[in-house]
Every structure is written in structure tokens, then in C-alpha cells.
Amino acid sequence: TLDMNQSDRNVRILLVGERGVGKTSMIYSLVFEEFYEQVPPKCEEITIPPEVTPVHIPTEIVDYSAQEQTEKELMEEMRKASVICIVYSVENEISIDKISSYWLPYIHQTLGEDHETPVILVGNKADLVDYSSIDSVLPLMNQYKEIEICVECSAKKLDNLSEIFYYAQKTVLYPVTPIYYPEERD
Ligand code: GTP
Ligand code: MG
């Protein structure tokens, strides 16, 4: 059951990631339950009313577009987010490399090394390959304790999208508190 304090909370899910990985398409496919070949660079902020979310908490979904937003705006959005999804494309190596060479360090720079905003790694365009990308991103979970989960989806096939937004809500509402980190023992 939910804590009383959570009754007036909301969940704000921010999608970041390299250009063209399908952030906007994911939001469109989730909302319209249909894949649009043409989407604008940035989707308007969406609020899902509590009664239609599995966790009954109002949920905001926020797109990011480097084309339309400044670094300052990105940093503000990162600070406002309750969970950050770093989206990559499973068939695009560069978008996978940038998770660790750019996005995770950028989140540390913006929110601090010890920030408490959960991060989800999302591999989109799973329809384009017949292998899983999870093995190549999983090691990052050892390096960055804020990564809660690694998942794949396809905006095109409408595959796993509602699940991903549900995971995102759950990581905010039911955070997993580790008992200890082995490397911190002396
Ligand atoms: P920026 O706004 O530039 O940051 O890109 P974005 O991350 O919002 O990507 P966008 O949604 O604009 O999608 C980029 C391209 O990938 C478009 O041509 C989409 O149709 C395509 N695309 C998005 N999702 C999928 C998917 O799941 N599968 C396939 N095959 N193509 C996809
Ligand atoms: Mg976009």
C-alpha cells in the first residue's frame, strides 16, 4: 500500500538520449497506441491522470530535444525529474557508447555524484535486430548505482512501452534501498 505522503505526489518521467533514438516516437506510440512515421522533434509535456495509471499517481512524461532546447533547459528538466530514462537505439553503437561517455556523467555533473534520481536504460528499436543489447549495457549497473533497470522496447511495434513507463513509476514510488554496498565495507 502507498504511504500517506505519496497521495499528493506525482511522478515526472524525463526521456533523454542521443538524437534519433526514438524518444518522441516512444511517447507518441504510448499515447496514441499507434506508430507515427513522422513525429515532431519534441513532444508536448503529457500528464497521465491518476485513474489511468497502474499506480494511481499523476504521471508527467517529458520529452527532450537537443534541437529545441538549451543545455540549461536540459539541466533544469533533470533537476525536476523524478526518474530519468536514458534512451538508446539497440542498432546504434554510438547511442550505446554515449550512455557512459556522455549521459551518465552529465547526470552526475548536473545532480551531483550522490543524487537520488533513479535512472532507467531503455533500448528502443528492438524490432530492428534479432539479438539483445542488454548484455552490453548491464555492466554499467555496477558502475552507476542509480541505474535501476535495463529494458528494451519498440515504439514501432508498440512493444513493452506501457511496461517501461510502469517500471519508471515503480522505481520512484517503491525505491529499492540497498542494505550495503560491498565496496563500502572496510
Ligand atoms: P530527436 O528528437 O532528434 O532527439 O530524436 P528522437 O529520439 O525523438 O527520435 P524520433 O522519435 O524522432 O525517431 C527517430 C527515427 O527513428 C524516426 O524515423 C522514427 O520513425 C524511428 N523510430 C523510432 N522508434 C522506432 C522503433 O521502435 N523502431 C524503428 N524501426 N524505428 C523507430
Ligand atoms: Mg524527439
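No experiment lies behind these values; they were computed from the predicted model shown. (Residues numbered from 1 in each chain as written. Chains lettered and ligands numbered in written order. Predicted model: local features only at pLDDT ≥ 70, side-chain atom pairs only at ≥ 80, totals over all residues. Heavy atoms only, no water.)

Draft legend 1. Region of the structure containing helix H6 (residues 161-173). Helix length check: H6 (13 residues) gives 19 Å between terminal C-alpha atoms against 18 Å at 1.5 Å per residue, within 8%. Burial in H6 covers these residues: Leu-161, Ile-164, Phe-165, Ala-168, Gln-169, Thr-171, Val-172 and Leu-173. Of the surrounding secondary structure, the elements contacted by the buried residues of H6 are strand E1 (11-17), helix H1 (23-32), strand E3 (59-62), strand E4 (83-89), strand E5 (119-124) and strand E6 (147-152). (Helix = DSSP H or I, 4+ residues; strand = E, 2+ residues; numbered from the N terminus. Expected span 1.5 Å × (residues − 1). Buried < 20%, exposed > 50% of the residue type's maximum accessible area, 1.4 Å probe, protein only. Contact = heavy atoms within 4.5 Å.)

Draft legend 2. Molecular detail of the coordination of the magnesium ion (ligand 2). Looking at the magnesium ion (ligand 2), one finds its protein donor set to be Thr-24 (OG1) and Pro-41 (O), positioned 2.0 to 2.1 Å from the metal centre. One end of the pair, Thr-24, is in helix H1; the other, Pro-41, is in the loop between H1 and strand E2 (46-48), and 17 residues separate them in sequence. (Donors = N, O, S within 2.8 Å, 3.2 Å for Na, K, Ca; no water.)

Draft legend 3. Layout of the layout of surface pockets. Estimates place the volume of the second largest pocket at around 530 Å³. Taken together, 28 residues make up the lining of the second largest pocket; nearest its centre are Arg-19, Gly-20, Val-21, Gly-22 and Lys-23. Put simply, the parts of the chain that give the lining of the second largest pocket at least two residues each are H1 and helix H3 (93-111). Grouping the amino acids of the lining of the second largest pocket by side-chain chemistry returns 12 nonpolar, eight polar and eight charged. (1 Å grid on protein atoms, 1.4 Å probe; cavity = no way out; pocket = protein on both sides within 12 Å on 5 of 7 lines; lining within 4 Å. Points joined across faces, edges and corners; volume = space filled by probe spheres on them. Nonpolar A, V, L, I, M, F, W, Y, C, P; charged D, E, K, R; others polar.)

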